[in-house]
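# Tertiary structure, described
Residue-level listing of the chains:
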Amino acid sequence: MKLCMIGTGYVGLVSGVCFSDLGNDVICVDKDDVKINNLKKGIIPIYEPGLEELVLKNYKNKRLNFSTNLKEAVKKSDIIFICVGTPSKKNSNSADLSQVYMAAREISKSINKFKIIINKSTVPVTTGDHVEKIIAKKVTRKYFSVVSNPEFLREGEAVRDFIYPDRVVIGSNDKKSEKILKNLYSPLISKGAKFVSTNRRAAELIKYASNAFLATKITFINEIANLCEKTGIDVEDISIGIGLDKRIGSRFLRAGPAYGGSCFPKDTKAIVSTADKFKTNLSVIKSVIKSNEDRSSILHKRVSLILKNKIKNKKIAFLGVTFKANTDDMRDSSSLKLIPYLSKRGAKIKYYDPTGSKKEFNKLNNVKFSKSIQGTVEESDLIIIHTEWNDFKSINFRKYSKNKDLIIYDMRNIFSPNKIKKMGFKYFGIGR
Ligand code: UDX
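Our subject in this report is the structure included herewith. (Residues numbered from 1 in each chain as written. Predicted model: local features only at pLDDT ≥ 70, side-chain atom pairs only at ≥ 80, totals over all residues. Heavy atoms only, no water.)

Turning to helix α10 (residues 200-231), a few remarks are in order. With 32 residues, α10 should cover 46 Å at 1.5 Å per step; its first-to-last C-alpha distance of 47 Å lies within 8% of that length. One side-chain oxygen of the residue at the start of α10 lies 3.4 Å from the amide nitrogen of Arg-201, identifying that residue as Asn-199. Looking at the residues trailing α10, positive phi occurs at Gly-232, about 70°. (Helix = DSSP H or I, 4+ residues; strand = E, 2+ residues; numbered from the N terminus. Expected span 1.5 Å × (residues − 1). Polar contact = N/O pair within 3.5 Å; in protein donor to acceptor, adjacent residues only side chain to side chain.)

With that settled, the discussion passes to the packing of aromatic side chains. Taken as a whole and judged by the stated rule, the model has 11 aromatic pairs. Between the aromatic rings of Phe-19 and Phe-162, the centroid separation amounts to 5.0 Å while the plane-to-plane angle is 85°, which identifies the pairing as edge-to-face. Pair noted here: Phe-19 is in helix α1 (residues 10-21) and Phe-162 is in helix α7 (residues 158-163), with a separation of 143 residues, a long-range link. Considered together, Phe-19 and Phe-162 belong to a single accessibility category, that of buried residues. Here Phe-252 and Phe-264 contribute two aromatic rings whose centre-to-centre distance is 6.3 Å and whose plane-to-plane angle is 65°, an arrangement assigned as edge-to-face. You can see Phe-252 sitting in the loop between α11 (235-243) and α12 (264-277) and its partner Phe-264 sitting in helix α12, a full 12 residues away along the chain. A relative accessible area of 13% places Phe-264 in the buried class. A network of ring pairs unites the aromatic residues Phe-19, Phe-81, Phe-162 and Tyr-185 as a single cluster. The ring of Phe-114 carries Lys-176 above its face, with NZ or CZ at 3.8 Å from the centroid. (Phe/Tyr/Trp six-rings, centres within 6.5 Å; stacked < 30°, edge-to-face > 60°. Buried < 20%, exposed > 50% of the residue type's maximum accessible area, 1.4 Å probe, protein only. Lys NZ or Arg CZ within 6 Å of the ring centre and 35° of its normal.)

Now for the pattern of salt bridges. Under the counting rule described, the total for this entry stands at 25 salt bridges. The salt bridge partner of Glu-106 is Lys-109, with a shortest N-O separation of 3.4 Å. Among the residues examined, Lys-109 registers a relative accessible area of 46% and is labelled partly exposed. Across the salt bridge formed by Lys-286 and Asp-276, the nearest N and O atoms sit 3.9 Å from each other. One end of the pair, Lys-286, is in helix α13 (residues 283-306); the other, Asp-276, is in helix α12, and 10 residues separate them in sequence. When its relative accessible area of 34% is taken as the criterion, Lys-286 is described as partly exposed. Under the relative-accessibility criterion, Asp-276 is labelled partly exposed at 40%. Salt bridges sharing partners connect three or more residues here, namely Asp-129, Glu-132, Arg-141, Arg-200 and Arg-201. (Salt bridge = Lys/Arg side-chain N within 4 Å of Asp/Glu carboxyl O.)

Further remarks concern unusual backbone geometry. Phi is positive for Asn-91, close to 55°, though the residue is something other than glycine. Among the structural elements, Asn-91 can be located in the loop between β4 (79-82) and α5 (98-108). Of note, the phi angle at Asn-366 is positive, near 55°, even though the residue is not glycine. Relative to the helices and strands, Asn-366 is located in the loop between β10 (348-352) and β11 (367-369).

Let us now look at the site of the ligand. The full set close to the ligand counts 18 residues, and Glu-155, Arg-254, Gly-260, Lys-324 and Arg-412 are the nearest of them. Gly-260 is positioned with one of its backbone polar atoms (N or O) 2.9 Å from an oxygen atom of the ligand. Contact distances for the ligand include 2.9 Å between an oxygen atom and a side-chain N or O atom of Lys-324. In isolation the ligand has 660 Å² of accessible area, and contact with the protein removes 96% of it. Counting residues per element, the shell around the ligand draws most heavily on α10, at three residues. (Near = heavy atom within 4 Å. Areas by Shrake-Rupley, 256 points an atom, 1.4 Å probe, with all protein chains shown as cover.)

None of the figures reported here should be taken as evidence of function without further support.
Below you can see the structure in the form of C-alpha cells.
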C-alpha cells in the first residue's frame, strides 16, 4: 500500500520505517529540511535501537522515502498518518492540537481520490471529529475517512513494540476503512497481535486511558516502596508477590524514581483536562499526577539522609541521567530535578550516560560529564544509579573505587543489596 507519514518524530519515523519493512511504499514527510536531508543520508535524529539498520535497508530498496513536500506525498498515498506532536499547551494541562489541525488543513488541499486519514498522534477524545470537520470544508465526505489508530511504542523498544504489539487498535466510523487497515496490519495480526476495532472516539480514549493506567501502576508501587523503606521490606518481593496475580500482572510494577518521558506526564494531565471539559472528575489520575510530582522531594530528602545532611563538597557520581534506559531522551527525567538540587547545595557532581553529555546540565555549578564509567565513579563518595542501562549491571565497584566508605544509591534496584554489601560498600535502593 502507499502510505504517507506526516511528522518524522518518534511515532512517525518508527511507524513509517516499520511499515516500509512490511512491504509498503512509505513517504515520511517533515517541514524540517535538515532532518529530511539527514535521513536521506542515513543520519537518524533519535537514538532508537534497531532503527538505523531499517532506515538504511528500506531507503536503499526504495520502499522508504523522505520529503518536505506534503502535498505531493498526500497525492501519491492511499493512507495518510498524522504523527505530529501534541505537547502540553503553555501554562495549561490540555494538549496543544495546533499541529494536528494544521496537518488536517494541509491534507485537505491535496485530496485527489479516496484517502484514509489516520490520527496516530496522541489526541483527546473528539479530536478526530474536529479533523473530519476541517477536511470536510474542502472535500466531500465520500472522498475521505478519518480514523484513530493510537500507537503504544515505548522509547528504546519502539521497533520491537511495532513489530510485536500486544494489540492493534483501529477506531473507525466506517467499515470500509476498518477493513483496509486490518489488511495493512495483517502481517502483525497473523503473528499474534490482537485486533481491536472500536468507534473513533473509543480508540482515542483507549490511548489516554492506557497511559494513565500504566502511570497509576508505577505510582502505586512507588508509594508502596515508600512504606517498604520504613518497615524493612524489599519492594521487589511485593512486586513479585502481587504481580503473579493475573488480575494485577507483573509488568510496570518496578519501583524507581518518578515516572518521566514524553508521554506519561503529559498524557495524564491531558486526560484530566479533557475530562474536566466534559465535567467529569478523574480523581484517581489527579492524585497519581500529584504523587508523581511529590516524589522528587521524597527522593531529594532520601539522598540528603543518605549523606547525613552533609551535601556540600560531597563527590557524587551519576550513572545514567535519561528518563529510562535505551533512549537519549531527557524529557521529565527525575535527574533534571535531583542534579540541580545537589549542585545548589554544593555537591561536586560527575555524570556518565551512554548517550553522551546533556545540555540541560551545562550551566550548573560543579556538574561535569565524564566519558567513562570509571572516570565518573573512581573518586566519588556516593554513586547514584539513576538509569537502568545494561552497561551498569555488572560494574565491579571494588575495581573502580578505592574509597572504603563508598555509598551506592541504586534508584533502579539493579543490584542485589547483599552483593554490594559483600564488596564492603553501603547500599541503598528504592523501597528496600
Ligand atoms: C510510554 C508507554 O509505555 C507507551 O505505550 C506509550 O505509547 C508512550 O509512553 P515511554 O514513555 O517510552 O512509553 O516509556 P515507558 O517504558 O512506558 O516508561 C515511562 C516511565 O515510567 C519511565 O520514566 C520509566 O522509568 C517509568 N517506569 C516504567 C517505572 O518507573 N517502572 C516501571 O515498571 C515501568
